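# Observations on the model geometry
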Amino acid sequence: MEKKEMLYEGKAKKVYATEDPDCVIVTYKDDATAFNGLKKGTIAGKGVINNKMSNMLMVMLEKKGIPTHLVEQIDDRNTIVKKVQIVPLETIVRNVAAGSFSKRYGVPEGLALKNPTVEFSYKSDALGDPFINTSCATALGIATLEEIDTITKLALAVDDALIAFFKELNIDLVDFKLEFGRYKGQIILADEISPDTCRLWEAGTWDTTKHTSLDKDRFRRDLGGVEDAYEEVFKRISGEE
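What this report covers is the structure whose coordinates are included nearby. Along each chain, residues carry numbers from 1 onward, in the same order as the chain's sequence is written. Local features in a predicted model are, by the rule used here, given only for residues with pLDDT of at least 70; side-chain atom pairs are given and counted only at 80 or more, and totals for whole chains, interfaces and linings are based on all residues. Values reported for side chains reflect all heavy atoms of the structure, with hydrogen atoms and water molecules removed beforehand.

For helices, the fitted line uses only the C-alpha atoms of the stretch in contact; every axis is such a line through C-alpha atoms, and the angle between N-to-C directions lies from 0 to 180 degrees. A run of H or I in DSSP becomes a helix once it reaches four residues, and a run of E becomes a strand once it reaches two; helices and strands are each numbered from the N terminus. Running from N to C, helix α1 (residues 46–63) and helix α6 (residues 226–238) point in directions that differ by 35°, and their axes come no closer than 10 Å. Relative to α6, the crossing made by α1 is left-handed. Residues Lys 46, Ile 49, Asn 50, Lys 52, Met 53, Met 56 and Leu 57 of α1 form the contact with α6, whose participating residues are Tyr 230, Glu 231, Val 233, Phe 234, Ile 237 and Ser 238. Amino acids are sorted into nonpolar (Ala, Val, Leu, Ile, Met, Phe, Trp, Tyr, Cys and Pro), charged (Asp, Glu, Lys and Arg) and polar (every other residue, Gly among them). For the contact of α1 with α6, a count of residues per class yields eight nonpolar, two polar and three charged. Note on convention: the crossing is left-handed when the near helix lies turned anticlockwise from the far helix by less than a right angle, right-handed when the turn is clockwise. Two residues qualify as a contact provided that any one of their heavy atoms is within 4.5 Å of a heavy atom in the partner residue.

Moving on: the side chain of Asp 217. By the secondary structure assignment, Asp 217 is in helix α5 (residues 217–220). When accessible area is computed with a 1.4 Å probe and restricted to protein chains, residues below 20% of their type maximum are described as buried, those above 50% as exposed, and intermediate ones as partly exposed. Judged by its relative accessible area of 1%, Asp 217 is buried. Within the structure, the side chain of Asp 217 is placed 2.6 Å from the side chain of Arg 220, a separation counted as a polar contact. When near neighbours in sequence (up to four residues on either side) are disregarded, Asp 217 contacts Arg 199, Asp 222 and Leu 223. Whenever a nitrogen or oxygen atom comes within 3.5 Å of another N or O atom, the pair is scored as a polar contact, on the condition that within protein one atom can donate a hydrogen and the other can accept it, and that pairs from neighbouring residues in sequence are kept only if both atoms are in side chains.

As a further point, take unusual backbone geometry. A positive phi angle, close to 50°, is found at Asp 129, a residue other than glycine. Residue placement: Asp 129 occurs in the loop between β10 (112–122) and α3 (134–139). By relative accessible area, Asp 129 is classed as buried at 15%.

The subject of this paragraph is the nonpolar core. Among the nonpolar cores identified, the biggest contains 46 residues, and Leu 89, Leu 162, Phe 166 and Ile 193 are the most heavily contacted of them. Sorting the residues of this core by element identifies β4 (31–34), α1, β9 (89–96), α4 (145–167), β11 (171–183), β12 (186–190), β13 (198–202) and α6 as the ones contributing at least two each. No other element matches α4, which puts eight residues into this core. Other than its neighbours up to four places away in sequence, Leu 89 contacts Phe 120, Ser 121, Lys 123, Ile 132, Ala 137, Ile 142, Ala 143, Ile 148 and Leu 178. Here, nonpolar core means buried Ala, Val, Leu, Ile, Met, Phe, Trp, Tyr and Cys residues that are tied together by side-chain atoms lying within 4.5 Å of each other. Of all hydrophobic cores here, the second largest spans five residues; its members include Val 15, Val 26, Tyr 28 and Val 81.

Any two of the Phe, Tyr and Trp rings considered here, Trp counted by its six-membered ring, make a pair once their centres fall within 6.5 Å; the pair's planes then place it as stacked at under 30 degrees, edge-to-face at over 60, or tilted in between. Counting across every chain of the model gives two aromatic pairs. Between Phe 165 and Phe 166, the aromatic rings sit 5.7 Å apart at their centres with planes inclined by 80°, giving edge-to-face as the arrangement. Its relative accessible area of 1% is what places Phe 166 among the buried residues.

Quick look at the sheet that holds strand β3 (residues 23–28) now. Any two strands are treated as partners once DSSP identifies two or more bridges connecting them. Spatially, the five strands line up as an open sheet ordered β1-β2-β3-β7-β6, and their pairing is antiparallel. Each end of this open sheet is capped by a strand with a single partner; those strands are β1 (6–9) and β6 (70–73). Across this sheet, the average inter-strand angle for adjacent strands is 25°, counted without regard to direction. Contacts from α1 reach β3, β6 and β7 (78–82), with the element oriented near 130° to β6.

This part covers the environment of Ile 171. With respect to the element layout, Ile 171 can be found in strand β11. You can call Ile 171 buried: its relative accessible area is 1%. Separated by 42 residues in sequence, Ile 171 and Ser 213 have C-alpha atoms that sit 9.7 Å apart.

Let us now look at the pairing of β6. Direction of pairing for β6 relative to β7: antiparallel, over a ladder of three bridges. Residue pairing in the sheet places Gln 73 in a bridge with Thr 79 of β7. Hairpin connection of β6 to β7: four residues between the antiparallel strands.

Here the focus is the side chain of Glu 119. Structurally, Glu 119 is set in strand β10. Of the residues examined, Glu 119 reaches a relative accessible area of 10% and is grouped as buried. At 3.1 Å, the side chain of Glu 119 forms a polar contact with the side chain of Arg 94. Once residues within four sequence positions are removed from consideration, Glu 119 is found in contact with Glu 90, Thr 91, Ile 92, Arg 94, Phe 101, Arg 104 and Phe 131.

The span expected for a helix works out to 1.5 Å for each residue beyond the first. Taking 1.5 Å of rise per residue, the 18 residues of α1 would be expected to cover 26 Å, and the 26 Å separating its terminal C-alpha atoms lies within 8% of that figure. For α1, the buried fraction is high: 13 of the 18 residues fall into the buried class. Directly after α1, the chain includes Gly 65, whose backbone phi takes a positive value near 90°.

Below is the structure:
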C-alpha cells in the first residue's frame, strides 16, 4: 500500500490517502506542542517511538476485545490504519489528580482518585478544546447518546487494561487522552497511545512532591530529559535494550 495525497496534517502526525478507500497511512512526526499549540518544539526520535509504542498497545488492546483502527505497521514512522470519521470529542480518563485537574479543583498532584473519571472536550483548535458535557454534545450533534455511552465504556476498558499493563513495567498510569472514530457503523479506538497522550509516572513516586514523569510533561514543564523518558518507556514496553 502506497501513500497518495496528504489528507490532513496535525500537530504530531500526517495522514495520507491510499489506493484503498477504507485505509489511510499515518506518518508520525518529531514535532512537539503543548498548551494547545502555544509551545512548540522537537523531541528527537519521538515519531518513531510513538508509532511503534502505540501499535504495540493497540495490539494488546485488540486482544482484550477493544476494537482499534490498527491495520499494519509499515516501518518505523508509518502505519496503515482504518479510515475513520473522528468523533470530535477528546476523551480524558484520570486515575490520579494532576495537571489541569489539580488546578481546576484545588487538589494536590498525586492525589489518588476514588474512582476513574471520564471527561470530554470538544475537539477544536480554534476554540481551545473546551470541556463539554453529554447533553451539549448531543444537542450540537457532535455525537449521539449511544455513541457517548459506547465511548465511555471503551475508555474505561482501556483504562483497566493499561493500568494492569503499565503496572507490570513499574509505571503508574496517571491519566490519558483518547480519540474514537466511526468505522462502518462501529465506534473504534483511533489516534495513538503514547507518552504524548498519557501521563506516566515512575511507580512509587506519584504520592510525593517530586514524582518522576516519563511523558510529555517533561517538555511542557521544561524538566529536561524528554528523549530519555520516551526511550525508557519504549524500552520497557518493547523489551529492547
